[in-house]
Amino acid sequence: MTAASTTRLPTLIAALSGVVAVCAYAGVALLQILVWNPEAARPGLTAAQVWAEVGAANQGPPGAFVVGVIAIGPLFALVLALLFVLTGAGVWSTIAGYLGLLFAGMPGYFVASFGPGMGLGDTYLISGGDFSPGRLPLYAVSVLSVVALLALFVGAAVRSERERRTLAVA
């Protein structure tokens, strides 16, 4: 094993873990928007029945837009994995990239869910907000990601200052 391959292994593991985390986030977001929320908004009906009624009311059931917006996250995750591994980026840079991407999932979820929520609201004369608690893990992951990202930045700043002081003394 070469020195380059041993330094790339932690980056590869972090990148693959990041891709899995972002894809899991996207999967939960899609389930929340397309299945869990409509079923919670109209108990007793399946998601397919709810979206059929939304379509019949000319409120446009969710389509490719929702999937397209949510798919941006996994697509970026794959691009980041290639960039980080091929450029030999450090493991902490890789982790920071995926934490940022997970944080960006929150506004992505909002954009993707806005239209379907309005369709539900207009069809059933209810709030267009979330009725299912499936959004809570998404928000929790996004908030925890930004907290972890800030912790990484603070840790890097402290480490950098400590190294400067050590060099100044030597």
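This text follows the structure it describes.
Visitor: Just checking my understanding: could you explain the overall build of the protein chain for this structure?
Guide: On a plain count of helices and strands, the protein chain comes out with 5 helices and 0 strands. Counting from the amino terminus, the protein chain carries its helices and strands in the arrangement α-α-α-α-α. Computed over its C-alpha atoms, the radius of gyration of the protein chain comes to 21 Å, more than 25% above the 15 Å expected for a compact globule of 170 residues. Along the three orthogonal principal directions, the C-alpha set of the protein chain runs to about 75 × 35 × 20 Å. For the protein chain, the proportion of its 170 residues judged to be buried stands at 31%. For the protein chain, restricting intrachain contacts to residue pairs at least 6 apart in sequence, the fraction spanning at least 24 positions comes to 79%. Accessible surface for the protein chain amounts to roughly 9,600 Å². Of this, 74% is attributable to carbon and sulfur atoms. Both charge centroids of the protein chain, one from 7 positive and one from 6 negative side chains, sit 18 Å from each other.

Visitor: How should I be thinking about the nonpolar core in this particular structure?
Guide: The nonpolar side chains of a soluble globular protein tend to be buried, and buried together. Ranked by size, the top nonpolar core spans 21 residues in total, and within it V22, I33, I70, A77, Y98 and A112 carry the most contacts. For this core, the secondary-structure elements that each account for two or more residues are α1 (3-41), α3 (64-87) and α4 (91-124). Apart from the residues within four sequence positions on either side, A77 is in contact with V19, V22, Y98 and L101. Within the second largest apolar cluster, 7 residues are counted, among which are A41, W51, L120 and Y124.

Visitor: What exactly am I supposed to notice about the side chain of N37 here?
Guide: With respect to the secondary-structure elements, N37 resides in helix α1. In this structure, N37 is in contact with Q32, L120, G129, D130, F131 and S132, ignoring residues within four places of it in sequence.

Visitor: Is there a simple way to think about the packing of α4 against helix α5 (residues 135-169) in this case?
Guide: The axes of two packed helices give the description: the angle between them and the distance between them. At a minimum axis separation of 8 Å, α4 and α5 run at an interaxial angle of 145°. Note on packing geometry: the crossing formed by α4 with α5 is left-handed. Across from W92, I95, A96, L99, G100, L102, F103, G105, M106 and Y109 in α4, the residues of α5 making contact are R135, L138, Y139, V141, S142, V143, S145, V146, A148, L149 and L152. Of the residues belonging to the contact of α4 with α5, the class tally is 16 nonpolar, 4 polar and 1 charged.

Visitor: Sorry if this is basic, but what is going on with the packing of aromatic side chains here?
Guide: The description of an aromatic ring pair rests on the distance of the ring centres and on the angle between the ring planes. In this structure the tally under the stated criterion is 3 aromatic pairs. With a centroid separation of 5.7 Å and 50° between ring planes, the pair formed by F110 and F114 is classed as tilted. With F110 and F114 both in helix α4, this residue pair falls 4 residues apart, about one helical turn.

Visitor: Looking at this model, I keep getting lost on the environment of S132. Mind explaining?
Guide: Secondary-structure assignment places S132 in the loop between α4 and α5. Sequence separation between S132 and A40 is 92 residues, and the spatial gap between their C-alpha atoms is 5.4 Å. Ignoring anything within four residues of it in the chain, the contact list for S132 reads Q32, W36, N37 and A40.

Visitor: Which parts of the structure should I look at to understand the packing of α3 against α4?
Guide: Between α3 and α4, the shortest axis-to-axis distance is 8 Å and the interhelical angle comes to 170°. Considering their axes alone, α3 and α4 lie roughly antiparallel with respect to each other. On α4, the residues touching F65, V66, V69, I70, G73, F76, A77, L80, A81 and F84 of α3 are S93, T94, G97, Y98, L101, G108, Y109, V111, A112 and P116. Of the residues that constitute the contact of α3 with α4, the class distribution is 15 nonpolar, 5 polar and no charged.

Visitor: Quick question: what am I supposed to make of a nonpolar patch on the surface here?
Guide: Nonpolar side chains collect at one region of the surface, where F65, F110, V111, F114 and M118 lie side by side and expose about 520 Å² of accessible area between them. Sorting elements by how many residues they give to the nonpolar patch places α4 first, with 4 residues. Considering the arrangement of structural elements, one finds V111 in helix α4. Judged by relative accessible area, which is 42%, V111 ranks as partly exposed.

What counts, and at which threshold
- Residues numbered from 1 in each chain as written.
- Predicted model: local features only at pLDDT ≥ 70, side-chain atom pairs only at ≥ 80, totals over all residues.
- Heavy atoms only, no water.
- Helix = DSSP H or I, 4+ residues; strand = E, 2+ residues; numbered from the N terminus.
- Rg over C-alpha atoms; globule rule 2.2 N^0.38 Å.
- Buried < 20%, exposed > 50% of the residue type's maximum accessible area, 1.4 Å probe, protein only.
- Contact = heavy atoms within 4.5 Å.
- Areas by Shrake-Rupley, 256 points an atom, 1.4 Å probe, with all protein chains shown as cover.
- Lys, Arg positive; Asp, Glu negative; His and termini not counted.
- Charge placed at Lys NZ, Arg CZ, Asp CG, Glu CD.
- Core = buried A, V, L, I, M, F, W, Y, C linked by side-chain atoms within 4.5 Å.
- Axes fitted to C-alpha atoms, helices over the stretch in contact; angles between N-to-C directions.
- Left-handed = near helix turned anticlockwise from the far one by under 90°.
- Nonpolar A, V, L, I, M, F, W, Y, C, P; charged D, E, K, R; others polar.
- Phe/Tyr/Trp six-rings, centres within 6.5 Å; stacked < 30°, edge-to-face > 60°.
- Parallel < 35°, antiparallel > 145°, perpendicular 65-115°, else oblique.
- Patch = residues over 30% accessible without salt bridge, like charges linked within 9 Å, V, L, I, M, F, W, Y side chains within 5 Å.
- Salt bridge = Lys/Arg side-chain N within 4 Å of Asp/Glu carboxyl O.

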